[in-house]
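# Working through the structure, step by step
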Amino acid sequence: MNNDVFKLGGHEFTSRFILGSGKYSLDLIDAAVKHAKAQIITLALRRANSETDNILDYIPKDVTLLPNTSGARTADEAVRIARLAKACGCGNFVKVEIMRDTKYLLPDNTETIKATEILANEGFVVMPYMYPDLNVARDLANAGASCIMPLAAPIGSNKGLATRDFIKILIDEIDLPIIVDAGIGRPSQACEAMEMGCAAVMANTAIATAGNIPQMAEAFGKAIEAGRTAYLAGLGRVLDSGAAASSPLTGFLAD
Amino acid sequence: MEQINPEIKNKVIAAYNSYNLDKYTEKDVINALKADILTPDDFGALLSPTALPFLEQMAKRAREKKRQFFGDNVYIFTPIYISNYCENYCIYCGFNCHNKIRRAKLDYNAIEKEMQAISKTGLEEILILTGESRNMSDVEYIGKACEIARKYFKMVGIEVYPMNSDEYAYLHKCGADYVTVFQETYNSDKYETLHLAGHKRIFPYRIEAQERALIGGMRGVAFAALLGLDDFRKDAFATGMHAYLLQKKYPHAEISISCPRLRPIINNDKINPKDVHERQLLQIMCAYRMFLPFANITISTRERAGFRDNVINICATKISAGVSTGIGGHTDEAEQGDDQFEIADTRTVDEVLKAICEQGLQPVMNDYVYV
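Thresholds, definitions, all that
- Each chain carries its own residue numbering, running from 1 in the direction its sequence is written.
- Lettering for chains starts from A, numbering for ligands starts from 1, and both go in the order in which the items are written.
- Only residues with pLDDT of at least 70 get local features here, since the model is predicted, and only at 80 or more are side-chain atom pairs given and counted; chain-wide, interface and lining totals rely on the full set of residues.
- Numbering of helices and strands starts at the N terminus; helices are DSSP runs of H or I of at least 4 residues and strands are runs of E of at least 2.
- Put simply, the radius of gyration uses C-alpha atoms, and a globule should come to 2.2 Å times the residue count raised to 0.38.
- Counting other C-beta atoms within 10 Å of a residue's own tells you its class, since 20 or more makes it buried, 12 or fewer makes it exposed, and anything in between is partly exposed; those C-beta atoms are placed from the backbone.
- C-beta atoms are first placed from the backbone for all residues, and any pair lying within 7 Å is then listed as a contact.
- Axis definition: a line fit to C-alpha positions, over the contact stretch in the case of helices; interaxial angles, taken between N-to-C directions, run 0 to 180 degrees.
- An angle below 35 degrees is read as roughly parallel, one above 145 as roughly antiparallel, one from 65 to 115 as roughly perpendicular, and any other as oblique.
- Here a crossing is taken to be left-handed if its near helix is turned anticlockwise relative to the far helix by less than a right angle, and right-handed if that turn runs clockwise.
- Two strands qualify as a pair provided that DSSP identifies no fewer than 2 bridges between them.
- Crossovers are marked right-handed if the path from the first strand over the helix to the second runs clockwise, as seen with the strands pointing away from the viewer.
- Only Asp, Glu, Lys and Arg are considered charged, only Ala, Val, Leu, Ile, Met, Phe, Trp, Tyr, Cys and Pro nonpolar, and every remaining residue, Gly among them, polar.
- What pLDDT conveys is the predictor's confidence in a given residue, as a value from 0 to 100.
- In these notes, a nonpolar core means any group of buried Ala, Val, Leu, Ile, Met, Phe, Trp, Tyr and Cys residues linked to one another through C-beta atoms within 7 Å.

## What about the overall build of chain A?
From N to C terminus, chain A includes nine helices and ten strands. The C-alpha radius of gyration of chain A comes to 19 Å, within 12% of the 18 Å expected for a compact globule of 255 residues. If one aligns the C-alpha atoms of chain A with their principal axes, the spans along those axes are about 75 × 40 × 35 Å.

## Notes on the overall build of chain B
Scanning chain B from N- to C-terminus turns up 14 helices and nine strands. The C-alpha atoms of chain B give 19 Å as radius of gyration, which agrees with the globular expectation for 371 residues (21 Å, within 12%). Along the first, second and third principal axes, the C-alpha atoms of chain B reach 60 × 45 × 45 Å. Out of the 371 residues belonging to chain B, those deemed buried represent 56%. A separation threshold of at least 6 residues defines the contact pool for chain B, and within that pool the share at least 24 residues apart is 75%.

## Some points on the packing of helix α5 (residues 108-119) of chain B against helix α6 (residues 139-152) of chain B
Residues and elements named next belong to chain B. Viewed as axis vectors pointing N to C, α5 and α6 meet at an angle of 30 degrees, and their least axial separation amounts to 10 Å. Regarding the angle of α5 to α6, the classification is roughly parallel. Crossing of α5 over α6 shows right-handed handedness. The segment α5 lies against α6, with Y108, I111, E112, M115, Q116 and S119 engaging K144, A145, I148, A149 and Y152.

## Re the pairing of strand β7 (residues 296-299) of chain B
All names here are of chain B. As paired strands, strand β6 (residues 254-258) and β7 are joined by three bridges and run parallel to one another. The residue bridging S256 from the neighbouring strand is N296, located in β7. Pairing analysis gives two bridges linking β7 to strand β8 (residues 318-320), with the strands arranged parallel. In the sheet register, T298 faces β8, and the bridge partner there is K318. The parallel pair β7 and β8, bridged by helix α13 (residues 305-311), forms a crossover whose chirality is right-handed.

## A look at unusual backbone geometry
Residue and element names in this part refer to chain A. Look at K37: it is not a glycine, yet its phi comes out positive at around 60 degrees. Within the secondary structure, K37 is located in the loop between α1 (26-34) and β4 (40-44). In this structure, A182 takes a positive phi of about 80 degrees despite not being glycine.

## A word on the environment of E195 of chain A
Residues and elements named next belong to chain A. The residue E195 is located in helix α7 (residues 187-196) in this model. Here the alpha-carbon distance between E195 and T64, two residues 131 residues apart in the chain, equals 25 Å. Sequence-distant contacts of E195, defined by excluding residues within four places in its chain, comprise G227, A230, Y231 and L235.

## So, the interface of chain B and chain A
Across the contact, 24 residues belong to chain B and 24 residues belong to chain A. Sorting the residues of the side of chain B that touches chain A by element identifies α4 (55-70), β6 and β9 (362-364) of chain B as the ones contributing at least two each. Grouping the amino acids of the side of chain B that touches chain A by side-chain chemistry returns ten nonpolar, eight polar and six charged.

## Topic: the confidence of the model for chain B
Residues at a pLDDT of 70 or more form 96% of chain B, whose mean pLDDT is 92. Overall fold confidence (pTM) sits at 0.90, and the ipTM for the predicted complex is 0.82.

## Concerning the nonpolar core
It is characteristic of soluble globular proteins that their nonpolar side chains tend to be buried jointly. A32, I179, V201 and F220 of chain A together with I128 and M285 of chain B are the most contacted members of the largest nonpolar core, which totals 195 residues. Of all the elements, helix α12 (residues 278-291) of chain B adds the most residues to this core, at nine residues. For M285 of chain B, the contacting residues outside a window of four places in its chain are C259, I297, V311, C315 and A316 of chain B.

## Quick notes on the packing of α4 of chain B against α12 of chain B
Residues and elements named next belong to chain B. Two elements in contact, α4 and α12, have axes whose closest approach is 9 Å; the angle formed by their N-to-C orientations is 40 degrees. Considering their axes alone, α4 and α12 lie oblique with respect to each other. The chirality of how α4 crosses α12 is left-handed. Between α4, through L55, M58, A59, R61, A62, K65 and K66, and α12, the contact on the second element is made entirely by R279, L282, Q283, C286, R289 and M290.

## Section: α1 of chain A
At 3.6 residues per turn, the α-helix brings residues three or four places apart onto the same side. Residues of α1 of chain A that are buried: L28, I29, A31, A32 and V33 of chain A. Looking at the buried residues of α1 of chain A, the elements they touch are β3 (17-19), β4, α8 (205-208) and α9 (213-233) of chain A.

## A short note on the environment of G175 of chain B
All names here are of chain B. Within the secondary structure, G175 is located in the loop between α7 (165-173) and β4 (178-184). With 44 residues separating them along the chain, G175 and G131 place their C-alpha atoms 20 Å apart. When sequence neighbours within four positions are dropped, the list of residues in contact with G175 reads C146, E147, A149, R150, V156 and Y370.

## Regarding the pairing of β4 of chain B
Residues and elements named next belong to chain B. Among the seven residues of β4, six are classified as buried, and the element is accordingly described as predominantly covered. As paired strands, strand β3 (residues 155-159) and β4 are joined by two bridges and run parallel to one another. Looking at the pairing, I158 lines up with V179 of β4. Considered for its hand, the β-α-β crossover made up of β3, α7 and β4 is right-handed. Here β4 runs beside strand β5 (residues 220-225); their pairing, made up of six bridges, is parallel.

And the structure:
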C-alpha cells in the first residue's frame, strides 16, 4: 500500500480523497485536511474572488489547489474562469464544470468537451466533471483530459452511486483515472466506489452537512482507504444464488 | 414597450386564477412534506391554510433542503438607493409621486462616495435601487452607477423600473448581472386599484420584466409579491410559479425570491383575517424553499433581527446588512432624500456577520464571477 500512489498531472498523492467546493467553511477544510488527509482541495474561483472572505486563506500551503469553473454556463466562460484562476496563482490544475441548469446542476457534456480541449492545449491539467456517458468520456480523453469525473448522483443529493453501472463501464473502458464526483452521501458509498476501481472520490456535502464534521471526515478517509485496499486485494466473487463449499468437491480425485 | 412571447405571463396568470387554497386536505400537506421533488400542486398544498398547523414539520423539511443545496452558507449584501424620484402613484409606497417627501438623486460623485463607504464595511455585493422615474433616472444614469459599482463590488444587481431587453443588455454590459422586480400583486384587478398612475399601471409589461432581463443576458432574476396587498397565499403561489416557469424556460437562470410583507395592524384579525403574521410569512418562505430548493431567498430588513436570524437557519439564504433606504445614507454627509420605508433591523454589517457566525453559519460575501 505504501507504494500505491495516485498520479495526476505529473503530481503524486498518497490520499485519494478530494474535498469538493460547494459548501465551504473553515471547519470543513480543517477537518478534510486533518481527519480525511485530503491533499487536493477544490476551490471555486467565484468564492476565491472575494477580498474580505478569501477561501485561499483557509487552505494550507502544502495542499494542491484544484480551482473549478463553477458559474460557467458555456465552454467560453469556463475557459475565461480557468485562465483567471491561473493568473491568480492557483496553479495549472482545473476542474471543468459547466452547468446550464440551475435546478439540478447537471453538467453540460458537450460544452465540457470543448473547454477541455482548449484548456488542455494551453497546458492545464484538466479534470472534467461530467454525466457518465462512455462516448463523452472517450471524447474527453481524446481532448486531453487528465482524468474523468463522472457524477454518482445529482450534486449535493447524498444519494450515492445512482450511476454505478455507467461508472463501471468508464472504469472498464477509459485508460484515465476515474474520480467519482457529486452525490456520494455516505462513507460506505465512497468505499464501494473505490472497490469498483475508481482512482479517487470527491465529496463535500456529505461531510459539510454531517452532525460532526471532523468525525465524518475521518470516516470518509478510512472508507476510501478501505475501498482502495479491497480493490488492490481483488474482491472475492459474488454468487447469484446458492453457496459454494470452501473445500473443493473434486478434491477426492486421485489422478 | 417591448412585446415578447406571452406564454409565461399567460401561464402565471392562469396559475394565479386557478389556485384554490381551500381544496387541500391534511393528507395533501403530508404528501407534499414527504415529496423529494415538489409539483406545483404540492406547493399549493404547503401554502394553504391547512398547512399552517404543520409549520414545525415544514420548517424542519425546509432546513434539510436548505442544507442540501446551500450548506451553512448565508450570502450578505446591501441595497443602495441612488434616487427616490418616482412617476408612479402606488398608494402603499413611501416614494409615490404624490407623497410629499424630500426627493433627491445622487450625482456620480456622490454615488462613488457612497459605494466607497459601503465597500469599506467588507461587503462585495450591492443592489442598486431607484424610484421608478425614467425621466429622473434614465438608463444611462443607472448604467453609469453600475460601472461605478463594478469598481467596488464583485456582484451588482439592480432594482429599478422595468425596461426593454436591449436596455437590460446595456446594463449587463455596464456590470449588472441580476435584476429584481417586485410584481407587488398578481391579481390584475387589484393591481389596477393600487397603482393609480404612471408606467407601473401596465401590469403585463411588469410581469414580463424578468424574462426580458434574461433575454438581455442577465444571469439572475428575482421575484416578489408584496404580501398582504391582496390574498397573500394566492400571490405567493403566483410568485413561486412565475419563478418555476421562467427557470424551466431558461434553465441557466439563477432565481431569487424576496418576501416583503405589509405588517399587520394590531387587533386587525377580525377585519382582515388574511394579514401576514410571522407564522404565515415563515410558512410561505418554507413553501418556497421546498418547491424551489435551488433558489435564493432574501429576508428583508423590514423584519426584526430575531426573525431574520432564525430564518437564515431554516429557509432564507440571503440577508441584507447595514441598510439605509434613504438617498445618501452611507456616508457622514447628511441624507439627501427621505426613506422608502422604515426598517426593523438596523444592524451594521459587522453585527449581522457576528449573528451569522454565532449560529454556526458561514457568511459569504461573494460567490460570483463576472464572465
